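Architecture at a glance
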Protein chains: 2
Amino acid sequence: MVSKIDHLGVLVEDIDENRELFELLDVPVGRVERVPAFGVDIAFIRVGESLVELVEPVDRETALADDLDAAQQSALLHHVAFRVDDIEATLATLRRAGVALADQRPRRGAGDAAVAFLDQRAGNGVRVELVERETDVQLRD
Amino acid sequence: MVSKIDHLGVLVEDIDENRELFELLDVPVGRVERVPAFGVDIAFIRVGESLVELVEPVDRETALADDLDAAQQSALLHHVAFRVDDIEATLATLRRAGVALADQRPRRGAGDAAVAFLDQRAGNGVRVELVERETDVQLRD
């Protein structure tokens, strides 16, 4: 059902200020893309079979911006996204088991994926996202 | 230099209370192991090529216990660990570039790995660990 960590979401005040460490580690940061539905700019970094997603809130009136403000630091490990083969079936399984869901139905996320967040309570405070994608994200410089 | 996400560290008040979600997602939680050097019990969960490491502080007088208390939730996405092929060489590269390190030399972590944490400031607040292992962790029930 879960095949891998699709990505690890890291909220940042400024994508550019977070490039250097990854470049020193020889894992280059891809092109910045705007995701209007979430009010953010994002940049993906490929690390093995997974991605690190740097997420910069450009719309300050969003829950993501609030999360970063509350952390009182300029970068925050924010969510873990598991790749699933059938997101509707996984949501149905979790719903039957009484797991709280933030998204009852999948939404369109970055890279044209179907994504859904569990309620933060489901992870005892850790934000968990499910992601179904047809093909892996291709990084562009 | 970095080959993959070795593991994602999740601090938890109680490992058993965090099993159910993973088991519903069909990614079973391995056996609990004591790691005395860090004052914690841990359990690994394999997700694709990476691990999720549930870390339960059993010694409450440690920095890890303090981190969990400060978060005011019973689980906390705590650190991301990148697998490197030569941890000494990677630390030397980062040191030359002026990156702040918490561990100047590798320590022995869970699963007999050589591990070193960067200073939290290096990730602008995100805790980054480097891990060199001879072989992948084998999960035991």
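Scope of this entry: the structure provided in the associated data block. As a convention, each chain's residues are numbered from 1 in the sequence order in which they are written. Here chains are named by letter from A upward and ligands by number from 1 upward, in the order in which they appear as written. Local features in this predicted model are restricted to residues whose pLDDT is 70 or higher, and side-chain atom pairs enter the listing and the counts only when it is 80 or higher, whereas totals over whole chains, interfaces and linings include all residues. The basis for the side-chain values is all heavy atoms of the structure; hydrogens and waters are excluded.

Tracing the backbone through its elements, the reader meets Val 29 of chain A in the loop between helix H1 (19-24) and strand S2 (33-35). When checking whether two residues touch, look at their non-hydrogen atoms; a contact exists if any pair is within 4.5 Å. Here Val 29 of chain A is in contact with Arg 19, Phe 22, Glu 23, Ala 43, Phe 44, Ile 45 and Leu 54 of chain A, once residues within four sequence places are set aside. Every helix listed is a DSSP run of H or I at least four residues long, and every strand listed is a run of E at least two residues long, numbered separately from the N terminus.

As a further point, take the pairing of strand S8 (residues 127-132) of chain A. All names here are of chain A. A simple rule labels every residue: compare its accessible area, found with a 1.4 Å probe on the protein chains alone, to the largest value its type can have, and call it buried under 20%, exposed over 50%, or partly exposed in between. With respect to burial, S8 is a largely interior element, five of its six residues being buried. As paired elements, strand S5 (residues 75-84) and S8 share five bridges and run parallel to each other. Residue pairing for S8: Phe 82 is matched across the bridge by Leu 130. By definition, two strands form a pair when at least two bridges between them are found by DSSP. Where strand S7 (residues 114-117) and S8 come together, four bridges link them in antiparallel fashion. Paired with Phe 117 across the bridge in S8 is Glu 129.

Another aspect to go through is the sheet that holds strand S3 (residues 40-47) of chain B. All names here are of chain B. Read across the sheet, eight strands follow the order S2-S3-S4-S1-S5-S8-S7-S6 without closing on themselves; strand pairing throughout is mixed. Of all strands in the sheet, those bounded by a partner on one side alone are strand S2 (33-35) and strand S6 (107-108). Pairing of strand S1 (residues 2-12) with strand S5 (residues 75-84) involves nine bridges; the strand directions are antiparallel. Bridge assignment links Val 2 to a residue of S5, and that residue is Val 84. Whenever a helix is involved, its axis is fitted only over the stretch in contact; in every case the axis is a line through C-alpha atoms, and angles between N-to-C directions fall within 0 to 180 degrees. Sheet contacts for helix H2 (residues 63-71): S1, S3, strand S4 (50-57), S5 and strand S8 (127-132); angle to S5, the most-contacted strand, approximately 135°. The sheet contacts of helix H3 (residues 87-96) involve S5, strand S7 (114-117) and S8, and relative to S8 the element is tilted by about 145°.

A few words now on the pairing of strand S3 (residues 40-47) of chain A. Looking along a regular strand, one sees side chains alternate from face to face of the sheet. Residue and element names in this part refer to chain A. By the criterion of burial, S3 is predominantly enclosed, with seven of the eight residues buried. With three bridges connecting them, S2 and S3 associate as antiparallel partners. Paired with Val 35 across the two strands is Val 40, which belongs to S3. Counted along the chain from S2 to the antiparallel partner S3, the turn is four residues long, and its residue Gly 39 has a positive phi close to 70°. Both S3 and strand S4 (residues 50-57) contribute to a ladder of eight bridges, which runs antiparallel. The partner of Val 47 across the bridge, within S4, is Ser 50. Taking the residues that link successive antiparallel strands as the turn, the S3-S4 hairpin has two residues, and the phi of Gly 48 there is positive, at about 65°.

Contacts between the two partners involve 43 residues from chain B, matched on the other side by 43 residues from chain A. Put simply, buried area is the surface a 1.4 Å probe can reach on two separate parts but cannot reach once they are joined, added for both. For chain B, the biggest contributors to the area lost against chain A are Leu 25, Leu 77 and Asn 124 of chain B; these three give 21% of the whole. Salt bridges are defined as contacts in which a side-chain nitrogen from Lys or Arg sits within 4 Å of a carboxyl oxygen from Asp or Glu. Across the contact surface, chain B and chain A share zero salt bridges. The definition of a polar contact used here is a pair of N or O atoms within 3.5 Å, where within protein one atom must be able to donate a hydrogen and the other to accept one, and adjacent residues in sequence count solely through side-chain atom pairs. Summed over the shared surface of chain B and chain A, the result is twelve residue pairs in polar contact (both at pLDDT 80 or more).

Let's shift gears to the pattern of salt bridges. Side chains bearing opposite charge may pair, as long as their charged atoms lie close to each other. Residue and element names in this part refer to chain A. All chains considered together, the criterion is met by 26 salt bridges over all chains. Between Asp 41 and Arg 34 there is a salt bridge, and its shortest N-O distance comes to 2.4 Å. A salt bridge links Arg 127 to Asp 67, with the nearest nitrogen and oxygen atoms 3.4 Å apart. You can see Arg 127 sitting in strand S8 and its partner Asp 67 sitting in helix H2 (residues 63-71), a full 60 residues away along the chain. Arg 127 sits in the buried class, given a relative accessible area of 18%. Within the structure, one salt-bridge network assembled from shared partners comprises Lys 4, Asp 6, Arg 83, Arg 133 and Asp 136.

Residues and elements named next belong to chain A. Pairing in this open sheet of eight strands is mixed, and the strands run S2-S3-S4-S1-S5-S8-S7-S6 from one edge to the other. The open sheet is flanked by S2 and strand S6 (107-108), the only strands paired with a single partner. Taken strand by strand, H2 contacts strand S1 (2-12), S3, S4, S5 and S8, and its axis lies near 135° from that of S5. In the packing of helix H3 (residues 87-96) onto the sheet, contacts are made with S5, S7 and S8, and the angle to S8 comes to roughly 145°.

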